Amino acid sequence: MAWLSLKIEAKDNTAELISDSLMDIGALSAIIEDANAETPDEQPIFGEPGDPPPGIWQQNIVSALFDEQIIVKDVMRSLAKVTGLQDLPYSTEIIQEQDWVRATQSQFDPIRIRDDLWIVPTWHSAPNPDALNIVLDPGLAFGTGSHPTTHLCMAWLADHIKNEDSVLDYGCGSGILAIAAKKLGAAKVIGTDIDEQAILSSGFNAEQNAVDAKFHLPKDMPEGIYDIVVANILSSALSVLAPALAKSCKPQGQIALSGILREQTEQVSTIYTQWFDMHPPIFMDSWVLLTGTKR
Ligand SMILES: C[S@@+](CC[C@H](N)C(=O)[O-])C[C@H]1O[C@@H](n2cnc3c(N)ncnc32)[C@H](O)[C@@H]1O
């Protein structure tokens, strides 16, 4: 058995119309991807809950899967009729049946943060069984460890957590940073996220790693003040949350902030300087980690 993959180039204001229309025409699936993915022009979009729908990139590829027997010219003709869009550039490819589970799993290898700290998908054996291994399945919540911001936060936690520290993970996603914090020796770890799915995933992942960390929606958070506050959220949220995050950090405690693009370094750092002595930024690809000590 084989399928036909049809890829259509689309501008930002037509991608969704094309994708929906392809499903109406009989596609088995249709997805929208950044046409500049994995190039320097890639546009990072997190799609945070509560944001206006970020939707779509400026240049998109709409990828649809059809039965191999489909006549592509007919599909393109129907698409033009339904959408009013003529002469859309497209390409096709025949996809042979494969073991989809294995194909998906093969995209996720263990991720090395340091020699002694790894993120290991559940179906892999640990490359270094003596390391601190965080066992994680790529799930619905953000935080598989492959993103530079997660990597930056985790490496920083590994260098700074002391036994008996209390840690707040603000925007916990999959719970990866909270779990790392606990495995690195923190005495008490709490995570929060506005996304209910993230709270569920975090709890599940903590259990899978046999660590005791608690996760709550912001409205259910117990009062608390922490030695370390880590927040890997977008800079807009970090700016709004600054007074609350500062209040959650003990005097002489540390804050670690990421989700910030290089060009936003100055802007975010200036806000946090009100409460923290900020340290030199640490960069990875287009991203930055900002850290500071509470005065
Ligand atoms: C970039 S992910 C980080 C996930 C994980 N901590 C990591 O480092 O990989 C950001 C998370 O912050 C959450 N988030 C966004 N805005 C928030 C807010 N105002 N309060 C709490 N969580 C928020 C999102 O739902 C998302 O799960």
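Details of the structure are given in the entry above.
Please read these numbers as outputs of a predicted model, since none were measured by experiment.

The rules behind these values
- Residues numbered from 1 in each chain as written.
- Predicted model: local features only at pLDDT ≥ 70, side-chain atom pairs only at ≥ 80, totals over all residues.
- Heavy atoms only, no water.
- Salt bridge = Lys/Arg side-chain N within 4 Å of Asp/Glu carboxyl O.
- Buried < 20%, exposed > 50% of the residue type's maximum accessible area, 1.4 Å probe, protein only.
- Pairing = 2+ DSSP bridges.
- Helix = DSSP H or I, 4+ residues; strand = E, 2+ residues; numbered from the N terminus.
- Axes fitted to C-alpha atoms, helices over the stretch in contact; angles between N-to-C directions.
- Contact = heavy atoms within 4.5 Å.
- Right-handed = clockwise from strand over helix to strand, strands pointing away.

A. Spotlight on the pattern of salt bridges. Here the structure, examined in full by the defined rule, presents eight salt bridges. Ionic pairing is found between D220 and K219, a salt bridge with its closest N-O pair at 3.5 Å. Residue class for D220 comes out partly exposed when judged on its relative accessible area of 42%. The exposed category is assigned to K219, whose relative accessible area is 68%. Taken together, the salt bridges that share partners define one network made up of R114, D116 and D159.

B. Quick look at the sheet that holds strand β1 (residues 2-11). Read across the open sheet, the four strands follow the order β2-β3-β1-β4; overall the sheet is antiparallel. The strands lining the two open edges of the sheet, one partner per strand, are β2 (29-34) and β4 (90-96). Between one strand axis and the next, the sheet turns through 25° on average, direction left out of account. As defined by bridge partners, β1 adjoins strand β3 (residues 59-67) across nine bridges and the pair is classed as antiparallel. Paired with L4 across the two strands is F66, which belongs to β3. The strands touched by helix α1 (residues 15-25) within the sheet are β1, β2 and β3, with β3 carrying the most contacts at an inclination of about 5°.

C. Representation of the pairing of strand β8 (residues 166-170) within the structure. Counting buried residues along β8, five of its five residues qualify, which places the element largely inside the surrounding structure. Side chains of β8 alternate between two faces, with S166, L168 and Y170 and V167 and D169 buried alike. Pairing geometry for β8 and strand β9 (residues 188-192), over five bridges, is parallel. Within β9, the position partnered with S166 by the bridge is K188. As a crossover connection, the stretch from β8 through helix α5 (residues 176-183) into β9 is right-handed. Bridge analysis of β8 against strand β11 (residues 226-232) gives four bridges, and the strand direction is parallel. Within the sheet, the bridge partner assigned to Y170 lies in β11 and is A231.

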